[in-house]
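# Residue-level structure breakdown
Here is how the chains run, residue by residue.
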Amino acid sequence: MINRVTKSKILFASRLMYCIVVVLIISFLLCTVLSFHNHSYMLSGQETVDYSDMWTYETGELVDFDNLKKDERIYIHKRTNGAEINNMDLCFYTKNLHFTIYLDDTVIYDFHPEPPKLFGKAHGILPHSVAIPVLFHDGNLYIEIENIYTDNDGFIGGMHLDNSNHFIISELQSTSLEFILCIISFTFGVGLMGIGIIGKYFGEKRFEIISMGTFAMMSSLWIMTETPMFAILTSAPIAVHFVDYISLALLGLPGLLFAAYATNHKNKFIILTGTLATLLNVSYQIYSTLSGEHDYHQLLWLTHIELALIGALILFLLVRSIIRKTLPRHLVLVLVISLSVSVAAGVADIIRYLTYPAQYTVTSLFKYSIFLFIILSGIYEFYNISEMSRRARYAEIMERLAYNDGLTGLTNRTGFNKAIEEASVGSSRYTLIMIDLNYLKKVNDEFGHNLGDLYIKTTAEYISKAFSNGERCFRIGGDEFFVMAEYSESDQRYADGIARLESLMEEFNENPPCSIPLNVAYGAAEFDPEKDDIEEQVRISDERMYEMKVKMKAERKDD
């Protein structure tokens with residue numbers, strides 16, 4: 001026979017497989033839509049025309065857009081006519097350039113953004129679509145270009161004639177899959193962070209979960225800023241590029257924190273080193289940009305050094321943990337796969353860039369390797385979350401069985417002893433109320449233990465209802481109950497609780513199941529941890545309860 005644990009594992013595996021199948025189907029449908037690049041059903045009669053030939057500098061030298069001159073200011077022009085350009089838009093990309101476009105002597109497009117100093121001067125790869133006025137004769141397209149940096153690459157690329165709607169749609173679609181993956185990963189990171197912050201049972205493991213969520217959010221933001229879609233949607237390319245630089249500079253720190261918590265690294269030196277390197281890098285870049293000395297684009301090498309340092313620290317933590325065999329086997333597998341793919345993707349990107357430096361629009365394989373790491377690490381974290389929750393629930397059940405009375409549901413004698421011990425070393429004052437059920441033996445002897453159990457359960461229920469303002473209720477013996485209240489005996493809540501308890505019992509006795517009424521005797525004593533011994537105060541409350549019990553029996557005998 002399959003035991004309960006095996007059944008639970010089979011059920012979990014089947015649900016997991018169901019979720020994976022659903023995600024795969026949704027991903028397939030989404031990729032099918034995003035990979036369909038034919039817009040002929042939307043825009044007919046419009047063809048894309050290459051327009052990168054026959055541009056010249058003022059000297060007459062032909063322009064090579066793949067190797068644009070790095071002078072601070074350059075001028076390029078091209079002779080054109082209405083047959084070529086009418087009803088068309090001039091479409092192209094730029095990076096780190098300001099420029100003005102003239103048709104003959106008329107300005108038809110100007111790109112000179114004036115952002116706050118905090119954002120720096122650079123912008124990323126940005127698409128432009130320039131509406132060209134109708135031309136009935138030969139004319140001269142003239143572009144005045146200002147290189148933002150004369151020592152760094154700026155470029156114009158992809159120069160062609162197109163319909164602006166078609167061009168923008170193509171740009172949005174070219175990185176739509178990457179953009180959506182970023183949104184999904186960012187949302188996933190927010191979810192992980194939320195689980196880590198508000199989730200139960202995780203202990204120090206919550207910091208690993210939070211750092212993984214932060215890494216997913218930061219890396220998704222960095223990749224998102226590199227997509228033309230983000231620049232188009234925000235219409236703020238320089239602000240987007242500022243976010244790009246800062247998110248890249250901050251990217252390594254959550255990765256280091258994740259590695260430190262995942263490997264259970266206790267020494268804070270490595271974390272402090274990585275944190276200090278990140279803060280110094282970001283602070284200096286912001287200061288240098290605001291002061292006008294340099295800006296983020298020129299200081300990108302600092303971020304590369306910082307990331308290399310953090311990468312070395314992460315590698316040290318992982319290698320040390322693998323050697324010491326302190327890293328969970330599943331996490332080792334995740335890291336080996338992710339790091340291998342990331343290294344291969346990084347090498348491939350470097351080779352592609354060195355071989356084809358002009359292919360600036362080619363999607364980075366390294367970025368997709370980050371998505372792979374987020375997915376694999378996320379699966380690992382959710383598996384851990386599931387396991388920790390399952391174990392914690394099991395521990396809760398066992399604790400409830402250990403400390404709860406099976407008949408009444410109140411905390412039992414073991415739980416009472418623990419509560420008294422905690423109160424004795426705490427700082428809170430209590431009113432200690434001893435409650436004893438009268439005539440239980442007589443009920444058991446004359447009417448049976450089933451009715452006696454009913455009297456016990458009813459008394460426990462009424463005590464819980466009467467003292468429901470945060471008091472702690474216990475069953476410490478067969479007919480003995482106890483209440484710990486964090487207020488004084490003179491507090492109105494004490495009087496209200498006793499009155500409520502007596503009222504409930506009077507209602508019960510209006511139609512009792514036997515001739516013996518349901519009532520209790522009680523006694524209270526106040527406990528001040530600064531001057532009282534709690535065991536002594538419990539004994540005093542018991543004595544006062546007993547005095548009341550004797551008095552009640554005497555009154556009943558007189559009746």
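Notes on the structure in this doc start here. (Residues numbered from 1 in each chain as written. Predicted model: local features only at pLDDT ≥ 70, side-chain atom pairs only at ≥ 80, totals over all residues. Heavy atoms only, no water.)

Looking now at the sheet that holds strand β11 (residues 472-475). Ordered in space as β11-β12-β10-β13, the four strands form an open sheet in which the pairing is antiparallel. Across the chains shown, the open sheet's two edge strands, defined by having one partner strand only, are β11 and β13 (520-527). Adjacent strand axes in the sheet meet at a mean angle of 15°, parallel and antiparallel pairs treated alike. Bridge analysis of strand β10 (residues 430-437) against strand β12 (residues 480-485) gives six bridges, and the strand direction is antiparallel. Counterpart to Ile-435 in the pairing with β12 is Phe-481. In this fold helix α12 (residues 413-425) packs onto β10, β11, β12 and β13, with an angle of close to 135° to the strand it touches most, β11. (Pairing = 2+ DSSP bridges. Helix = DSSP H or I, 4+ residues; strand = E, 2+ residues; numbered from the N terminus. Axes fitted to C-alpha atoms, helices over the stretch in contact; angles between N-to-C directions. Contact = heavy atoms within 4.5 Å.)

Time to look at the environment of Phe-111. Within the secondary structure layout, Phe-111 lies in strand β6 (residues 106-111). Sequence separation between Phe-111 and Phe-99 is twelve residues; the distance between their C-alpha atoms is 5.4 Å. Residue contacts for Phe-111: discarding those within four places in its chain leaves Leu-97, His-98, Phe-99, His-123, Leu-126, His-128 and Pro-237.

The subject of this paragraph is a negative patch on the surface. On the surface, Glu-502, Glu-506, Glu-507 and Glu-510 cluster together into a negatively charged patch. Structurally, Glu-502 can be placed in helix α15 (residues 492-509). The exposure class of Glu-502 is partly exposed, given its relative accessible area of 36%. (Patch = residues over 30% accessible without salt bridge, like charges linked within 9 Å, V, L, I, M, F, W, Y side chains within 5 Å. Areas by Shrake-Rupley, 256 points an atom, 1.4 Å probe, with all protein chains shown as cover. Salt bridge = Lys/Arg side-chain N within 4 Å of Asp/Glu carboxyl O. Lys, Arg positive; Asp, Glu negative; His and termini not counted. Charge placed at Lys NZ, Arg CZ, Asp CG, Glu CD. Buried < 20%, exposed > 50% of the residue type's maximum accessible area, 1.4 Å probe, protein only.)

Relative to the elements of secondary structure, Ala-122 occurs in the loop between β6 and β7 (126-131). In this structure Ala-122 comes out as buried when scored by relative accessible area, which is 2%. In this structure, the C-alpha to C-alpha distance between Ala-122 and Gly-154, residues 32 residues apart in sequence, is 9.5 Å. In this structure, Ala-122 is in contact with Asn-96, Ile-148, Tyr-149, Ile-238, His-241, Tyr-245, Asp-295 and His-297, ignoring residues within four places of it in sequence.

What follows concerns the pairing of β11. Bridge count between β11 and β12: four bridges; the pairing is antiparallel. Each residue of the ladder has a partner; that of Arg-475, found in β12, is Phe-481. Here β11 folds back onto β12 in antiparallel fashion, the turn holding four residues.

Overall, the coordinates contain twelve salt bridges when judged by the stated rule. Residue Lys-205 pairs with Glu-208 through a salt bridge whose shortest N-O separation is 2.8 Å. Taken together, the positions of Lys-205 and Glu-208, both in helix α5 (residues 205-225) and three residues apart, correspond to about one turn of that helix. The class of Glu-208 is buried, set by a relative accessible area of 1%. Note that Asp-528 and Arg-429 form a salt bridge whose closest N and O atoms lie 3.3 Å from each other.

In this section: the environment of Ser-338. Tracing the backbone through its elements, the reader meets Ser-338 in helix α10 (residues 329-355). In sequence terms Ser-338 and Ile-370 are 32 residues apart; their C-alpha atoms lie 7.9 Å from each other. Contacts of Ser-338, omitting those with residues within four sequence positions, involve Phe-373 and Leu-376.

It is worth spelling out the pairing of strand β8 (residues 139-147) at this point. Here strand β3 (residues 73-80) runs beside β8; their pairing, made up of eight bridges, is antiparallel. For Ile-76, the partnering residue across the bridge sits in β8 and is Ile-143. Here seven bridges tie strand β5 (residues 97-103) to β8, and the two strands are oriented antiparallel to one another. Its bridge partner being in β8, Leu-103 is matched across the sheet by Leu-141.

In this section: the sheet that holds strand β4 (residues 89-95). Here we have four strands laid out as an open sheet, ordered β1-β9-β4-β7, and antiparallel in their pairing. Taken across any chain shown, the strands that pair with only one partner, and hence form the sheet edges, are β1 (49-50) and β7. Across six bridges, β4 lies against β7 in antiparallel orientation. Of the residues in β7, the one forming a bridge with Tyr-93 is Pro-127.

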